Amino acid sequence: MPTLPSLGELSLDTFLSDYWQKKPVVLRGVFPDWQCPLTPDELAGLAMEEEVESRLVLERDQGKPWQLKAGPFSDEDFDQLPENGWSLLVQAVDHWVPEATALLDQFRFIPNWRLDDLMVSYAPDGASVGPHFDFYDVFLVQGLGKRHWQLGPKCNAQSARVKDTPLNILADFKADAEYILEPGDVLYVPPQFAHWGVAQGDCMTYSVGFRAPSHAEILDDYVAELCSRLPEHLRYQDPATAPTQTPGLLGNDALSALQALLTEQINQPQQLAQWFGKYMTEPKYLPDQGTETAPDQEALSQAAAELQEHDGPLFQAPDARFAYFESQLFANGERYECDAETAALLANTRCISGWQAQVTQPGVAALLSQLVARDLLWFEDPTAPEGEDE
Ligand code: SIN
Ligand code: CO
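Just so you know, these numbers come straight off a predicted model, no measurement behind them.

Around ligand 1, the neighbouring residues are S121, V129, H132, D134, L140, R147, W149, H195, T205 and S207. Within the side chain of S121, an N or O atom sits 2.6 Å from an oxygen atom of ligand 1. Within the contact set of ligand 1, an oxygen atom lies 3.2 Å away from a side-chain nitrogen or oxygen of H132. In isolation ligand 1 has 260 Å² of accessible area, and contact with the protein removes 96% of it. In this structure, ligand 1 is accommodated by the largest pocket. Counting residues per element, the ones that place at least two in the shell around ligand 1 are β6 (138-154) and β9 (193-210). The class makeup of the residues in the shell around ligand 1 is three nonpolar, five polar and two charged.

Counting 45 residues, the largest nonpolar core has F15, L88 and F139 as the members making the most contacts within it. Ignoring sequence-local partners within four residues, the contact set of F15 consists of L7, L10, W20, V25, F109, F139 and Y188. One finds L314, A317, A347 and L377 within the second-largest nonpolar core, a separate group that totals 23 residues.

Listed as protein donors to the cobalt ion (ligand 2) are H132 (NE2), D134 (OD) and H195 (NE2); their distances from the metal cover 2.1 Å. The motif formed by the donor residues of the cobalt ion (ligand 2), counted along the single chain, is H-x1-D-x60-H. Remark: H195 occurs in strand β9 and D134 occurs in the loop between β5 (115-123) and β6; sequence separation between them is 61 residues. Residue classification places D134 among the buried residues on the basis of a relative accessible area of 15%.

The sheet built from three strands is open, its strands ordered β11-β12-β13 with antiparallel pairing. Where the open sheet ends on each side, the last strands, each with one partner, are β11 (322-325) and β13 (334-337). The sheet shows a mean angle of 25° between the axes of neighbouring strands, direction not considered. In this structure, β11 lies alongside strand β12 (residues 328-331), joined through four bridges in antiparallel fashion. Across the sheet, F322 pairs through a bridge with A331, a residue of β12. Where helix α7 (residues 269-281) meets the sheet, its contacts fall on β11, β12 and β13, and the angle it forms with β12 comes to roughly 25°.

Attention now moves to unusual backbone geometry. In this chain, G71 is followed by P72 through a cis amide linkage whose omega measures 5°. Mapped onto the elements, P72 comes out in the loop between β3 (64-70) and α3 (75-79). Of note in this structure, W66 is not a glycine but carries a positive phi near 45°. Notably, D375 is not glycine yet its phi reads approximately 70°, a positive angle. Among the residues examined, D375 registers a relative accessible area of 47% and is labelled partly exposed.

Bringing the sheet that holds strand β15 (residues 377-378) into the picture now. Strand order in the open sheet formed by three strands is β14-β10-β15, with antiparallel pairing between adjacent strands. Strand pairing shows two members of the sheet lacking a second neighbour, β14 (351-352) and β15, which therefore form its edges. The sheet contact formed by strand β10 (residues 314-316) and β14 spans two bridges and is antiparallel. Along β14, the bridge assignment pairs F315 with C351. Helix α9 (residues 340-348) rests against β10, β14 and β15 of the sheet, and its axis sits at about 65° to β10.

Basis of the calculations
- Each residue is numbered by its place in its chain's sequence as written, counting from 1.
- Each chain takes a letter, starting from A, and each ligand takes a number, starting from 1, following the order in which they are written.
- Residues qualify for local features only when their pLDDT is at least 70, as the model is predicted, and side-chain atom pairs are given and counted only at 80 or more; totals for whole chains, interfaces and linings, by contrast, use all residues.
- Computation of side-chain values: all heavy atoms of the structure, hydrogens and water removed.
- To be near a molecule or strand, a residue needs just one of its heavy atoms within 4 Å of it.
- N or O atoms closer than or at 3.5 Å make up a polar contact, with two conditions inside protein: a donor-capable atom paired with an acceptor-capable one, and, for residues adjacent in sequence, both atoms drawn from side chains.
- To measure how exposed things are, a 1.4 Å probe is used in the Shrake-Rupley method; for residues, cover is taken only from the protein chains shown.
- With a 1 Å grid laid over protein atoms only, a set of points is called a cavity when a 1.4 Å probe fits there but cannot get out and a pocket when it is open yet has protein on both sides within 12 Å along at least five of seven lines; lining residues have an atom within 4 Å of a point.
- More than half of a molecule's atoms lying within 2 Å of a cavity's or pocket's grid points is what places that molecule inside it.
- Numbering of helices and strands runs from the N terminus; a helix is a DSSP stretch of H or I covering at least four residues, while a strand is a stretch of E covering at least two.
- Under the scheme applied, nonpolar residues are Ala, Val, Leu, Ile, Met, Phe, Trp, Tyr, Cys and Pro; charged residues are Asp, Glu, Lys and Arg; polar residues are all the others, including Gly.
- Here, nonpolar core means buried Ala, Val, Leu, Ile, Met, Phe, Trp, Tyr and Cys residues that are tied together by side-chain atoms lying within 4.5 Å of each other.
- Partly exposed describes any residue whose relative accessible area lies between the buried limit of under 20% and the exposed limit of over 50%, with all areas from a 1.4 Å probe on protein chains only and scaled to the type maximum.
- We call two residues contacting when some pair of their heavy atoms lies within 4.5 Å.
- Counted as donors are N, O and S atoms no farther than 2.8 Å from the metal, or 3.2 Å for Na, K and Ca; water is not among the atoms, and sites may therefore look incomplete.
- Pairing between strands is defined by DSSP: at least two bridges between them are needed.
- Interaxial angles span 0 to 180 degrees and are taken between N-to-C directions of axes, which are lines fitted to C-alpha atoms, for helices over the stretch in contact.

So this is what it looks like as structure tokens:
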């Protein structure tokens, strides 16, 4: 088992019982030897790439408040920016920058499959993305310079917003608390709590966001998968055979029959886990998401040969999302059957030592070849500085 990280002066137990999903907290010095994984120029470089999701928030654009522009951006776009009053935000930086991937290790005391991505922002002095709330938990790691954070109350979909902007900016933001964060400090904000962070000098913030699908999204996706497998002949059936005196009535017995039908479909832990594992490991930030085809025979044979040659650990790829349930492994939206020990070994840590002992288990060699051919398992540590051996 990996050793659990600490959160500065706060113990993980206290954090989880008193703050996680309950109230915001500032965690000072979580990264005492903090080194900012990338520079503002490198962030701008990422925002110029086609496959990287990025956006610019402008506090005022041609008279309109809080405007949003989607990347990728060109040199010209950056040249035309005003001196101040804008923020650049880049999603899933953990997919592209090894040192940023390593930063996520600090937060693996929450299940891997809940992690969404690492978003990195840059703002010049005085800029911000405005007072707002998010529907997910976020750890805001101060990367470069300082940020003045103001925290407000818990909000909801009815909270008043600023008009004429595509962004959800709170209209009546009132701060209950304020803090200045320095490099290596972390602010934790639970879902729906108002927050507003204004840059003090050149400022970069690293946001570790968590995946929190809405109940509607969960039902929508699960039911779609269920429906794709339910045969046509399974139909609603009348619960009673007695003649009715009230032919217009939707009787309680009919509603109970309906509820039983629905409950029967939901009360299937195996079926639910199979769907949930695939759903929560689906990649969100990869351009070929959903279009990826299974590796061909040549790729699988090559992966098998490479695995035979390799005697060190294997590593989860930066964009790999693994989870497991009993003897099922889930990897980037796909489900694989294997033994429970192998599933746990592959999904629990980024650096997978001792995998060789599992290869004798039925199907494990084929599974590893699949994962290597899909580029989800690497032979090199993606977070090791360039040129350094594992
Ligand atoms: C930022 O990095 O500019 C803002 C992040 C947030 O408020 O969620
Ligand atoms: Co936010």
